[in-house]
Amino acid sequence: MRLSKTELILLGVAVLLAAGGFIAPQWLVFLLTMALAKAMVVQGVVMQMRAGLVTFGQGLFFCVGGYAVGMSGHFLDITDLAVLLLIGVGAAVLLAMLLGLLMTRYREIFFAMLSLAFSMILYGVLVKSSALGSTDGFNVKAWTLFGWTPASGQAPLALFVIIVACSALLAVLLHRYSRSSAGMMCEAIRENEVRVEYLGQSPRWVLYMNYVAAAAVSALGGGFMALSAGHIDPEMAYWITSGEFVFIALLGGTAHVAAPFIAAILFAVVRTYAIELVPHSWQMILGFTLLAIIVFLPKGLWSLFTGQARRAKA
Amino acid sequence: MMSLFAVLIDGTIYASWLFLVAAGLTVIYGVMRILNMAHGSFYAIGAYTAASLVGWYFNNGIGPVWAGYLLMLGCALVAGLIVGLIIERGLLRFMYGRDEVLMVIITYALLLVLEDTMKMIWGVNPYFAYQPYAEMGRSALAGLKVSNYDLMLVGVSAVLGLGLWLWLERTHQGKVLRAVIHDREVAMAMGVNVRRMFTLVFVLGTMLGTLAGALTAPAISVVPGMGVEIIVLAFAVVVIGGMGSIEGAAVGALLVGLSRAAAVHYAPEFELFVIYGVMALVLAVRPQGLFGRVLARKI
Amino acid sequence: MNCILETKGLCKSFGAVTAAKDVNVRIHKGEVVGVIGSNGAGKTTFINMVTGYLKPSSGEILFNGQSILGRTPRAITRAGMARSFQVAQLFPQLSVLENLLIAVSAAQSPFPSLLAPMRNASRIAQADAILAEFDISRWRDTQVTAVPQGVRKLIDIAMALIGDPQMLLLDEPTSGVSAEEKTALMDTVMRVVAQHQVTVLFVEHDMDVVRRYVSRILAFYSGEVLADGAPEAVLANARVQEFVTGGPHAHKRAAQ
């Protein structure tokens, strides 16, 4: 596998980040792990934004990934991290393959609303499932890896190294995807779906693949979240959680594969301090930041929508 | 038979409440094409305003009971007027003409700001204003004890819905509004002051939201986050009926209200599932909603 | 001559408006057919039906002797019938080269690759070749929104040609282009099209432009084919003069 310059930089940063984990304080390692897990979900949101679709329900796959990991440990006594994550991703892929048949028929506001509806359905089911702890959720069992059980103090750092490695691999793959025919076709669909159809390509097929792939990536984030937090609850599928992912996606923009990772880390760090300093103003800061991005940085972040506006005028 | 009757009564009451909450949302979307995520916050603002003022009024025995009801409605309308004007004049008017999905995100930002603003004004402890609810007492309907306040909600909701419908269908202003809904650019070319219409409609929608909150306040405890909880519910109602349609919102509210009541009585674990399930089902079968119009596409 | 496209009794109505009424047309391989008719005569509706964008209310469409009724636009494109648009349908945020690369990629496979880069030497060579044919290579790396209208129309047609269609439907290739540029633009288009040996049907309002290139004219009026045949015969037809061209000396006015 030949690596491009961007990909080498991504891998280099990942090695530095992983090494930094050995000297960083434990709270920071934990914070970065959570941020990277969320960043994976955001990657799923960004993948769809590149195709012109805004999802207000990516929490669905975040939650499915998390619950699949938690339930496999709880009910099937599986503790191997790799197997757990695979189950999480597999569950999300199956669900996305089913929902995708329907979702790919919708665009714009209908896509946003339908994605929101599906994630709220899962939320509604989980809240009423007493076997799964209802609103409280349940604790996730400690993980092992290929027969190795980390000592109690080691687990967070080991998980951090693993998630950094996975993030790096994911970043390289997504970077390639964004430049592949399929990735470029997503942008083409955002720009002009009718033309794509008249080039002999099926927009629905491209969007379907993209939807399933985005679900897989987001579920991986959900699985990591379950393992690092050690707890899962229905909040993961709540629409406010999905809104947060959209926020981070907009913060970073869709221009570069590294953007969601950087934005998610920035988001986590700022939130940690903001909640301590001004406990009841965190959401207000988020809201004003979001408005500022939309008003002052429309071109960088909103190539997505300016493209549509221009087409509407043509 | 008894429980079926109970489902009907509960469902109708819940549907009236849903309609009150969703009416402002659908009016704003219909005219302005803004799916307003902050509508839940308007509802919460109305509830907080009413609960704090009405609670103070009754606890200190300021005046007669009937004036308490007037205070409840009046303060909510004033709050809606102020909030609606500030938001439309201060923020939204600079955003018109943008993509619909972007407008959702803008109003989402607004929701975040309003949630914390409410915490600054009212704190995080719950407010109660149960007096208007308790004062009305209960009546027996075919052996079923029903709160008179809830029955009044059904009436208010019906009057409001009919009023809105008549306004849109029968008055000159309503006709102008429908012209704006049908084709904004043509309406503008024919001399309709669309900007003023937008201000009017947004403020009206906001007032409907705060009114719904104020009417709900006596029946619940008013807590932070209440607006966030109801907004998706309101979306469900509006999406089912067809975004922007008054009669659609009424039918959507009835559909959601009755199915939720049925779920609560027969299969409580499916309560929330049913609401969003109906929404997803309608979107899947008829994405423009039951009363929505299909927009033609051109190349 | 072989018949490449045939429609039998094609009808289409939108509510009370009839956009096509019993349209029977046979196009033969290698023909260059001009379609004329005033606005709303059903020209674009005809193209939209033939390419699968609109479903006819009734009738049959045969492409190379096989029914393509009910097929999607992409299936019809893949079967060898491509089209261009009245308003150039491009990907505005992308460069001219990227627009064509997407067309090349789409023509190669209905299942785009997930990891292999879209920009590879052979695709770029193919895109460059078609740009050179249309003589627009100097716009290669410009974003399409910054390109003049006439060039945009050429890109639109180039994207349709990249899949090597047997038949090409051009919906008003010169609309939106100034009168002086029209002839140059059509000369370029017809030169390239002739090299690719494609059967062409194009919609055009300017009778001088039509006469210059076509071997046959179809005149539409309120959804019906009013006349069909050699250019001189059709343009001399009294009903065509009355309803379509607006009299023997009104060509220029019809072009507006």
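Remember, it's a predicted structure, so these values are computed and weren't measured experimentally. Residue positions are given per chain, counted from 1 along the sequence in the order it is written. Chains carry letters and ligands carry numbers; both start at the beginning, A for chains and 1 for ligands, and go up in the order they are written. Only residues with pLDDT of at least 70 get local features here, since the model is predicted, and only at 80 or more are side-chain atom pairs given and counted; chain-wide, interface and lining totals rely on the full set of residues.

### Side note on helix α9 (residues 203-229) of chain A
Residues that lie three or four places apart on an α-helix share one face, since the helix turns once every 3.6 residues.
Thought 1: In this model α9 of chain A runs 38 Å from its N-terminal to its C-terminal C-alpha over 27 residues, within 8% of the 39 Å that 1.5 Å per residue would give.
Thought 2: Numbered from the N terminus, helices here are DSSP runs of H or I no shorter than four residues, and strands are runs of E no shorter than two. Two residues or fewer after α9 of chain A comes G230 of chain A, characterised by a positive phi angle close to 75 degrees. One fewer than the residue count of a helix, multiplied by 1.5 Å, yields its expected span.

### Some details on the interface of chain B and chain A
Thought 1: In this assembly, 35 residues from chain B lie in contact with 36 residues from chain A.
Thought 2: Where the side of chain B that touches chain A is concerned, the elements lending two or more residues are α4 (100-122), α10 (226-241) and α12 (271-285) of chain B.
Thought 3: Here the element with the most residues in the side of chain B that touches chain A is α4 of chain B; it accounts for 16 residues.
Thought 4: Residues that form the side of chain B that touches chain A fall into these classes: 25 nonpolar, 2 polar and 8 charged. What counts as a contact is two residues whose backbone-derived C-beta atoms lie within 7 Å of each other. All residues other than Ala, Val, Leu, Ile, Met, Phe, Trp, Tyr, Cys, Pro, Asp, Glu, Lys and Arg, Gly among them, are scored as polar; the first ten of these are nonpolar and the last four charged.

### Considerations on the interface of chain A and chain C
Thought 1: Listed per partner, the contact involves 26 residues of chain A and 28 residues of chain C.
Thought 2: Elements with a contribution of two residues or more to the side of chain A that touches chain C: α6 (155-179), α7 (181-191), α8 (193-198) and α13 (298-313) of chain A.
Thought 3: Examining the composition of the side of chain A that touches chain C, we find that 7 residues originate from one element, α7 of chain A, more than from any other.

### What about the pairing of strand β1 (residues 138-141) of chain B?
Thought 1: For two strands to count as paired, DSSP must find a minimum of two bridges between them. Where β1 of chain B and strand β2 (residues 144-147) of chain B come together, 4 bridges link them in antiparallel fashion. Looking at the pairing, R138 of chain B lines up with S147 of chain B of β2 of chain B.

### Overview of the nonpolar core
Thought 1: Take the buried Ala, Val, Leu, Ile, Met, Phe, Trp, Tyr and Cys residues, join any whose C-beta atoms are within 7 Å, and the set you get is a nonpolar core. Counting other C-beta atoms within 10 Å of a residue's C-beta gives its exposure: the residue is buried at 20 or more, exposed at 12 or fewer, and partly exposed in between, where C-beta atoms are placed from the backbone. Of all hydrophobic cores here, the largest spans 301 residues; its most connected members are A117 of chain A, L18, A22, A236, V237 and M279 of chain B together with L100 of chain C.
Thought 2: Broken down by element, this core gets its largest block of residues, 17 residues, from helix α1 (residues 2-32) of chain B.
Thought 3: Non-local contacts of L100 of chain C, meaning those with residues more than four positions away in its chain, are made with A127, I130, L131, A158, M159 and I162 of chain C.

### Observations concerning the sheet that holds strand β5 (residues 66-67) of chain C
Residues and elements named next belong to chain C.
Thought 1: Strand order across the open sheet formed by 4 strands is β2-β1-β4-β5, with antiparallel pairing between neighbours. With one partner strand each, in any of the chains shown, β2 (17-28) and β5 form the two edges of the open sheet.
Thought 2: The pairing of strand β4 (residues 58-63) with β5 spans 2 bridges and is antiparallel. Bridge assignment links L62 to a residue of β5, and that residue is S67.

### Observations regarding the UniProt feature "transmembrane region" (unreviewed entry) in chain B
All names here are of chain B.
Thought 1: The UniProt record marks residues 12-35, 65-88, 100-122, 151-168, 197-216, 222-241 and 273-296 with the feature "transmembrane region" (unreviewed entry), using the residue numbering of this structure.
Thought 2: When the span residues 100-122 is considered, its composition is 100% helix and 0% strand, and the gap between its end C-alpha atoms is 32 Å.
Thought 3: For the annotated span residues 197-216, helix accounts for 100% and strand for 0% of the residues, and the straight-line distance between the end C-alpha atoms is 28 Å. UniProt positions are given in the numbering used here, feature names are shortened, and annotations may be inferred rather than shown by experiment.

### A short note on the environment of I47 of chain C
All names here are of chain C.
Thought 1: Summarising the element assignment, I47 is placed in helix α1 (residues 43-50).
Thought 2: Note on I47: 24 C-beta atoms within 10 Å, which makes it buried.
Thought 3: Here the alpha-carbon distance between I47 and T183, two residues 136 residues apart in the chain, equals 23 Å.
Thought 4: Among residues more than four places away in sequence, those in contact with I47 are R83, L169 and D171.

### Let's talk about the sheet that holds strand β9 (residues 216-221) of chain C
All names here are of chain C.
Thought 1: Read across the sheet, 6 strands follow the order β6-β7-β8-β3-β9-β10 without closing on themselves; strand pairing throughout is mixed. Each having just a single partner strand, β6 (81-84) and β10 (224-229) make up the two edges of the open sheet. Neighbour to neighbour, the strand axes of the sheet diverge by 15 degrees on average, direction disregarded.
Thought 2: As judged from the 4 bridges shared by strand β7 (residues 167-170) and strand β8 (residues 199-203), these two strands associate in the parallel manner. Along β8, the bridge assignment pairs M167 with T199.
Thought 3: Simply put, an axis is a line fit to the C-alpha atoms, just over the touching stretch for a helix, and the angle between two N-to-C directions goes from 0 to 180 degrees. In the packing of helix α5 (residues 149-161) onto the sheet, the strands contacted are β6 and β7, and the crossing angle to β6 comes to about 170 degrees.

### A closer look at the environment of F235 of chain B
Thought 1: Following the sequence through the fold, F235 of chain B ends up in helix α10.
Thought 2: Spatially, the C-alpha atom of F235 of chain B lies 9.8 Å from that of H39 of chain B, the residues being 196 residues apart in sequence.

### Section: the confidence of the model for chain B
Thought 1: Scored from 0 to 100, pLDDT reflects the predictor's confidence in each residue. Scored by pLDDT, chain B has a mean of 81; 96% of the residues are at 70 or more.
Thought 2: The secondary-structure element of chain B with the lowest mean pLDDT is helix α5 (residues 131-136) of chain B, recorded at 71, while helix α9 (residues 194-216) of chain B shows the highest, at 87.

### Let's talk about the packing of α10 of chain B against helix α11 (residues 246-266) of chain B
Residues and elements named next belong to chain B.
Thought 1: Running from N to C, α10 and α11 point in directions that differ by 120 degrees, and their axes come no closer than 7 Å. Taken together, the axes of α10 and α11 are oblique relative to one another. Two packed elements cross with a definite hand, and for α10 against α11 that hand is right-handed. Contacts from A236, V237, V238, I240 and G241 of α10 reach α11 at G248, A249, V251, G252, A253, L255 and V256.
Thought 2: Tallied by class, the residues present in the contact of α10 with α11 amount to 9 nonpolar, 3 polar and no charged. Working rule for angles: under 35 degrees goes down as roughly parallel, over 145 as roughly antiparallel, 65 to 115 as roughly perpendicular, anything else as oblique. Should the near helix be turned counterclockwise from the far one by less than a right angle, the crossing is left-handed, whereas a clockwise turn marks it as right-handed.

### Notes on unusual backbone geometry
If a residue is not glycine, its phi is most likely negative; likewise, a peptide bond is most likely trans.
Thought 1: Despite not being glycine, E108 of chain A shows a phi value in the positive range, around 50 degrees.
Thought 2: Of note in the backbone geometry, D22 of chain C takes a positive phi value of approximately 50 degrees without being a glycine.
Thought 3: Along the chain, D22 of chain C turns up in strand β2.

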